[in-house]
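In case you want the letters, here they are:
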Amino acid sequence: GAVVSQHPSWVICKSGTSVKIECRSLDFQATTMFWYRQFPKQSLMLMATSNEGSKATYEQGVEKDKFLINHASLTLSTLTVTSAHPEDSSFYICSARDLTGSYEQYFGPGTRLTVT
Amino acid sequence: AQSVAQPEDQVNVAEGNPLTVKCTYSVSGNPYLFWYVQYPNRGLQFLLKYITGDNLVKGSYGFEAEFNKSQTSFHLKKPSALVSDSALYFCAVRDQGYDMRFGAGTRLTVKP
């Protein structure tokens, strides 16, 4: 089946620094990628939708200047958390849909971000 | 607007007994419905989906779900639960629109 990878799987950073998370579709091309955030024992909350070659669409309440999303190619999207704060600590999960328009979204394994 | 509800935060069953995890949905058009499972500190694993066709959908690991349009439900079921089925289960819906919306999740605990 289709595989989506994320790197890193976990990261610890200091408050005020920036962290980049990569999301790759390994065996298919993804015109659309989604970024979700999950707090402990809670559901996934959609942060933004990114389309290859265009600006991401952010959900209400998500700061686009803080969570920079770049979908530079059909297999790579990145999420950069800028000037991270402890409240940004969370589990970030990306998802991708392939060009064929199949109805599943393929999910990455997630990235655990801890800001100290 | 599309939404999905999982009315139970927690479901406890004994190993070998049947299990049901409930899900109801609300969409403006025809729903695309999904079930995912999540193990601790892991991403989501796809279990099954309903797009069209038979109301009873069979998925991975012996799970199945029944689409009920009149009750707007898509409950996840398994005839005989395993301890290894203990995990967090998410129901999700996608409308004619673009993105997927998730329920709050139900924690399933199967006791030996």
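Up top is the structure these notes are about.
Structure report, in brief. (Residues numbered from 1 in each chain as written. Chains lettered and ligands numbered in written order. Predicted model: local features only at pLDDT ≥ 70, side-chain atom pairs only at ≥ 80, totals over all residues. Heavy atoms only, no water.)

Within chain B, the regular secondary structure consists of zero helices and twelve strands. Seen in sequence order, chain B has helices and strands lined up from the N terminus as β-β-β-β-β-β-β-β-β-β-β-β. The C-alpha radius of gyration computed for chain B amounts to 13 Å, which stays within 12% of the reference 13 Å derived for 112 residues, consistent with globular compactness. Per-residue burial for chain B yields a buried fraction of 47% across its 112 residues. Long-range pairs, those at least 24 residues apart, make up 56% of the contacts in chain B with a sequence separation of at least 6. Element-wise, carbon and sulfur atoms account for 48% of the exposed surface of chain B, whose accessible area totals about 5400 Å². Computed over 11 positive and 9 negative side-chain charges, the separation of the two mean positions in chain B equals 3 Å. (Helix = DSSP H or I, 4+ residues; strand = E, 2+ residues; numbered from the N terminus. Rg over C-alpha atoms; globule rule 2.2 N^0.38 Å. Buried < 20%, exposed > 50% of the residue type's maximum accessible area, 1.4 Å probe, protein only. Contact = heavy atoms within 4.5 Å. Areas by Shrake-Rupley, 256 points an atom, 1.4 Å probe, with all protein chains shown as cover. Lys, Arg positive; Asp, Glu negative; His and termini not counted. Charge placed at Lys NZ, Arg CZ, Asp CG, Glu CD.)

With that settled, the discussion passes to the interface of chain B and chain A. On the chain A side, the residues contacting the 21 residues of chain B number 22 residues. When chain B packs against chain A, the two sides together hide about 1800 Å² of surface, and 53% of this comes from carbon and sulfur. Scanning the region where chain B abuts chain A turns up one salt bridge. Across the salt bridge formed by Arg101 of chain B and Glu59 of chain A, the nearest N and O atoms sit 3.1 Å from each other. Our enumeration of links across chain B and chain A arrives at five residue pairs in polar contact (both at pLDDT 80 or more). Of all the secondary-structure elements, those providing two or more residues to the side of chain B that touches chain A are β5 (32–38), β6 (44–50), β10 (87–94) and β11 (101–102) of chain B. Grouping the constituent residues of the side of chain B that touches chain A by class yields twelve nonpolar, four polar and five charged. (Buried area = accessible area lost by both parts, 1.4 Å probe. Salt bridge = Lys/Arg side-chain N within 4 Å of Asp/Glu carboxyl O. Polar contact = N/O pair within 3.5 Å; in protein donor to acceptor, adjacent residues only side chain to side chain. Nonpolar A, V, L, I, M, F, W, Y, C, P; charged D, E, K, R; others polar.)

Moving on, we get to the state of the cysteines. Where two cysteines share a covalent bond between their sulfur atoms, that bond is called a disulfide. This model, assessed by the stated rule, comprises two disulfides over all chains. Between the sulfur atoms of Cys23 of chain A and its disulfide mate Cys94 of chain A the distance is 2.0 Å. Linking Cys23 of chain A and Cys94 of chain A, the disulfide has an S-S dihedral of approximately 80° and is accordingly described as right-handed. Of the two residues, Cys23 of chain A sits in strand β3 (residues 19–25) while Cys94 of chain A sits in strand β9 (residues 90–98), which places them 71 residues apart along the sequence. Between the sulfur atoms of Cys23 of chain B and its disulfide partner Cys91 of chain B the distance amounts to 2.0 Å. (Disulfide = S-S within 2.5 Å.)

Quick look at the side chain of Glu59 of chain A now. With respect to the helices, strands and loops of the structure, Glu59 of chain A is situated in the loop between β6 (57–58) and β7 (67–73). A polar side-chain atom of Glu59 of chain A sits 3.1 Å from a polar atom in the side chain of Arg101 of chain B. In contact with Glu59 of chain A, other than residues within four places in its own chain, are Leu46, Met47 and Ala48 of chain A together with Arg101 of chain B.

Now for the pattern of salt bridges. In the structure shown here, the tally under the stated rule is five salt bridges over all chains. Ionic pairing is found between Asp88 of chain A and Lys66 of chain A, a salt bridge with its closest N-O pair at 2.8 Å. One end of the pair, Asp88 of chain A, is in the loop between β8 (76–81) and β9; the other, Lys66 of chain A, is in the loop between β6 and β7, with 22 residues separating them in the sequence. Accessibility assignment for this pair places Asp88 of chain A and Lys66 of chain A in one class, buried. Here Asp85 of chain B ties to Lys78 of chain B by a salt bridge, and the two come within 2.8 Å at their closest N and O atoms.

What follows deals with the environment of Lys55 of chain A. All names here are of chain A. Along the chain, Lys55 falls in the loop between β5 (44–51) and β6. Of the residues examined, Lys55 reaches a relative accessible area of 79% and is grouped as exposed. Here the alpha-carbon distance between Lys55 and Ile69, two residues 14 residues apart in the chain, equals 8.0 Å.

Moving on, we come to the nonpolar core. Trp35, Leu47, Leu48, Phe74, Leu76 and Tyr89 of chain B are the most contacted members of the largest nonpolar core, which totals 27 residues. Sorting the residues of this core by element identifies β2 (10–14), β3 (19–21), β5, β6, β8 (64–68), β9 (73–78), β10 and β12 (106–111) of chain B as the ones contributing at least two each. Filtering out sequence-adjacent residues up to four positions away, Tyr89 of chain B remains in contact with Gln6, Trp35, Tyr36, Val37, Leu47, Phe63, Leu76, Gly105, Thr106 and Leu108 of chain B. With 24 residues, the next largest nonpolar core counts Val4, Val19, Ala84 and Val115 of chain A among its residues. (Core = buried A, V, L, I, M, F, W, Y, C linked by side-chain atoms within 4.5 Å.)

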